[in-house]
Each structure stands twice: as C-alpha cells, then as structure tokens.
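# Results of the structural survey
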Amino acid sequence: MTPPITGFPAISIVDDGTASAAAANSAVATAPSGRGGHAKVVIVGSGPAGLTAAIYAARANLEPIVLAGYVPGGQLMITSDVENYPGFIDGVQGPELMDMFRKQAERFGARIMDVDVDKVDFSARPFRLWADGDAYTADSVIVATGASALWLGLDNETRLRGRGVSACATCDGFFFRGKKVAVVGGGDTALEEATFLTRFATEVVMLHRRDQFRGSKIMQARALANPKISVRWNREVIDVLGEEVVSGVRLRDTETGQEVVETTDGLFLAIGYRPNTEVFRDWLEVDEKGYLKVHDETLSKIDGVFVAGDVHDHRYRQAVTAAADGCKAAIDAERWLEAQGSSEPVAGAVAVATS
Ligand code: NDP
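Nothing here was measured: the structure is a model prediction, and the numbers come from that model. (Residues numbered from 1 in each chain as written. Predicted model: local features only at pLDDT ≥ 70, side-chain atom pairs only at ≥ 80, totals over all residues.)

Backbone-to-backbone hydrogen bonds pair the strands of a sheet. The strands run either parallel or antiparallel. If you trace the five strands from one edge of the open sheet to the other, you get S10-S17-S11-S12-S13, paired in parallel fashion. Single-partner strands in this sheet number two, and they are strand S10 (165-166) and strand S13 (229-232). With two bridges joining them, S10 and strand S17 (residues 266-269) adopt parallel strand pairing. Across the sheet, the residue bridging to valine 165 is leucine 267, located in S17. (Pairing = 2+ DSSP bridges. Helix = DSSP H or I, 4+ residues; strand = E, 2+ residues; numbered from the N terminus.)

Now the structure itself:
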C-alpha cells in the first residue's frame, strides 16, 4: 500500500465543487477515505506522461498525488505488444508496462487515485481540483490527460482490439509483415498510416466513407501513387469479422446500400483523436482541435500549471515521447516550485479564465 503523505495543512474538505470563499485559498485535508488533500504537485493522468512525471516528482521529494482516471494507464492499456519502448528486447505488453510505471512511481511515494477529475479552478494558488466528490489542492499541477483515439463503436471492433484491430500503425504495423491490412479514414492520418503500412503489408486497402479524401494533396498523391495501396470509396465499415483474430470487414456502400465483405488481416482506425481537455478548457488555451497549447516545452499560460504528453502533442503520439514530456514537466514543476520558495497561497496569481 502507498504510505500516507503527511504534513498537509489540515483545513476543511471541500466536497461539492462549490468551494466556499474561506476555502478558496486554503489547502484541503485528506478525507478519511484516503482521498483528497494537498500536494506540492498534483498530476492529472496516468499514461506514460503522467506516471513518468510522478516518478520524477516523487524522486524529487515532491510527494505527488496522481489523479489517474477511472480507467488508468492511458492508451497503452488497450495495446498488446509494445516493441518500440526502449529497454525491452523482447517487447512488453502495454498494460504490463503501465503497471511497472505505476509501481515505480508508488515506490518513491506517489499517491495514485483512480478517479476522474471533473472540475478544476486555477484562478488562484493553491490550485483546486475535484474528483469523485473529493477536493484536492496543489501548489503546481501537471496536466497529462492524453488523447483518445476515435473508434467506430462496433462491438466486434472492441472485441478484436489488439488482435488485428489497432489505432496505431507506428505501434502495430510491424506485426503485419507479408499480410493484407485495411485503413479506415480519409484524413492525413489515414493517408500517412496507409503509406507507412506498405513497408510491411503486401496490400493496403483504404476504406473511406466519401468519394474524396480530406487529407492534404501531397499526402493523397503519395498514397495514390503507391502500387500497394488501393481505395474503396464510399464505404463504411459496419462489422469486423473474425473469431480469434481479424479475418475481414463487412462494408456498406454509402450510395447504393450494398454490402460486401473485404478480407483483411488487420484493421487500422485512423478517424481522428479526441484530446482529453474538457475540464481544462475554461482555464488553459486550446488549439482549434482542442489540444492544449504549450510554450517553452511544458508551460501553459498559467504559472505553475504544466502540460505533458499527447494532450498537447498530436504529432508524435508515442509512449516514449510522452514519457519524455512527463519527465520535462516534472523537472519544470520542481524548478518552478523551488523558485517560488514557499507554497504560500497566492490569490489572483493567474490569468482570468478564457470563457
Ligand atoms: P481528420 O479529422 O482530418 O480526418 C478524419 C477522417 O476520418 C476523415 O476522413 C473522416 O471522414 C473520417 N472519419 C471520421 N469519423 C468517421 C467514422 N465514424 N467513420 C468513418 N470515417 C470517419 O483526422 P486526422 O487524424 O487524419 O488528422 C487530424 C489533424 O492532424 C489534421 O489537421 C491533419 O492535417 C493533421 N495531420 C497531419 C499530418 C502530417 O502533416 N504529416 C499527419 C497526420 C495528421 P470525412 O472526411 O468524411 O469527414
């Protein structure tokens, strides 16, 4: 069990998301449940970015609290073999890797709660966060909530994830050497992934629901010029076939309604990502796609609030880049806290909410 963190200022527990003025600048106590409380660093998210931040922050004696989410571990929890994370000669299972990250963070004293943050208030320090009815205060916050791949929402797509269904060609393309794969989507990600997959697969079929791509002209030209890539226009995937592994997809022609089966060994979804930024949007800047904006590597527009991983990075989206980002955010938070000299409450220390 994780040792309890001591030394937090014991004030009232704010439990309903409507903190009183008296509590506004106060740290809160740990509830009898062991939840809630104050930390020098609260980390939101428990993928590679969040847990690496936790390891670094814990080793810097910052005694971080990690609000890990109801489904902790991030995208790697739905990945099977991870063969590109350095240090694992024979690869590692995604969930196993995240379990190791977590235990490593806990070993140094990180307190990890499997709860979703449903509200934050960054208007003054200490910052305030609420999760599952408990209140937390923090001298600094690291946001590492990641981005979720979008899925079609088909039952068999879920059942066969990691057994032929994937949302990451970089991660899983290697497993389809000498095989046929299908890619769903018509944006730059789909075009890029289809092109990437031709390094391994003998045949790549793009399945797009319309009769023209959304992606950039140059990426279209590159994909369409590749002899291994063919396109099925106006096709939506209505089922994924296969018992143990994917064997095909059932397609419906969006114009005629006609259904056909396309055989394939793999199905790559490339229909976009949704950054998990909803609770932060009133406080932090987001770009047009909803990703958090950063400057100077991990800094947000609010002093003391740092950002790490896929929640801002839609370019690399790799476990190792997210982990590196978490490391940077923890170091930046540590140095920032050091520069503050103390964790005295600072009212009105931050920019006004944007909404
Ligand atoms: P996009 O939103 O651009 O494209 C998503 C694609 O998926 C669209 O073609 C869309 O179809 C299709 N789609 C969405 N939902 C469904 C569904 N339920 N069923 C079937 N098809 C669906 O996302 P991307 O991830 O491709 O790109 C995101 C951003 O990242 C873009 O700005 C892109 O330019 C950028 N990017 C840049 C790259 C680069 O420059 N190297 C590489 C990758 C991404 P429809 O067209 O009909 O809406």
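With an omega of 0 degrees, the peptide bond between arginine 125 and proline 126 qualifies as cis. In this structure, proline 126 sits in the loop between strand S6 (117-121) and strand S7 (127-131). At asparagine 61, a position not held by glycine, the phi torsion is positive, near 60 degrees. Within the secondary structure, asparagine 61 sits in the loop between helix H1 (48-59) and strand S2 (65-67). A positive phi is found at aspartate 296, a non-glycine position, where the angle reads about 50 degrees. Tracing the sequence through the fold places aspartate 296 in the loop between strand S18 (273-275) and strand S19 (305-307). You can call aspartate 296 exposed: it has 7 C-beta atoms within 10 Å. (Buried ≥ 20, exposed ≤ 12 C-beta atoms within 10 Å, placed from the backbone.)

Our focus in this paragraph is the sheet that holds strand S15 (residues 248-253). Taken together, the three strands give an open sheet; going across it, the order is S14-S15-S16, and neighbouring strands pair in antiparallel fashion. One side of each edge strand has no neighbouring strand; the edge strands of this open sheet are strand S14 (235-241) and strand S16 (259-263). Across the sheet, the axes of successive neighbouring strands diverge by a mean angle of 30 degrees, strand direction being ignored. (Axes fitted to C-alpha atoms, helices over the stretch in contact; angles between N-to-C directions.)

Over its 22 residues, helix H7 (residues 319-340) extends 31 Å from the first C-alpha to the last, a length consistent with the 32 Å expected when each residue adds 1.5 Å. Looking at the buried positions of H7, the neighbouring elements they touch are strand S1 (37-44), H1, strand S3 (81-82), strand S8 (134-143) and S19. At the C-terminal side of H7, glycine 341 shows a positive phi close to 85 degrees. (Expected span 1.5 Å × (residues − 1). Contact = placed C-beta atoms within 7 Å.)

The subject of this paragraph is the site of the ligand. Among the 16 residues in the neighbourhood of the ligand, the closest are listed as Gly185, Gly186, Gly187, Asp188 and Thr189. The greatest single-element share of the shell around the ligand, amounting to four residues, is contributed by helix H5 (residues 188-197). For the shell around the ligand, the residue count by class is four nonpolar, six polar and six charged. (Near = placed C-beta within 6 Å. Nonpolar A, V, L, I, M, F, W, Y, C, P; charged D, E, K, R; others polar.)

Moving on, we come to the pairing of strand S11 (residues 180-184). Most of S11 sits inside the fold, with four of its five residues counted as buried. Examined bridge by bridge, S11 and strand S12 (residues 203-207) share five bridges and lie parallel to one another. For lysine 180, the partnering residue across the bridge sits in S12 and is glutamate 203. Crossover connection from S11 via H5 to parallel S12: handedness right-handed. Bridge count between S11 and S17: four bridges; the pairing is parallel. Paired with valine 183 across the bridge in S17 is phenylalanine 268. (Right-handed = clockwise from strand over helix to strand, strands pointing away.)

Taken as a whole, the protein chain shows an average pLDDT of 88; of its residues, 88% reach a score of 70 or greater. Throughout residues 1-25 the model reports pLDDT below 50, and contacts reaching past four residues in sequence, or to other chains, amount to 44 contacts. In this model residues 342-355 is a low-confidence stretch, pLDDT under 50, and it forms 28 contacts with partners more than four residues away in sequence or in other chains. (pLDDT = per-residue confidence, 0-100.)

A few words on the nonpolar core. Counting 63 residues, the largest nonpolar core has Val42, Ala53 and Ile142 as its most contacted members. No other element matches H1, which puts eight residues into this core. Not counting residues up to four positions away in its chain, the partners in contact with isoleucine 142 are Val41, Ile43, Ala53, Phe306, Ala308, Ala329, Ala330 and Ala333. Judged by nonpolar contacts, the second largest core, of 30 residues, contains Val181, Leu191, Val204 and Val249. (Core = buried A, V, L, I, M, F, W, Y, C linked by C-beta atoms within 7 Å.)

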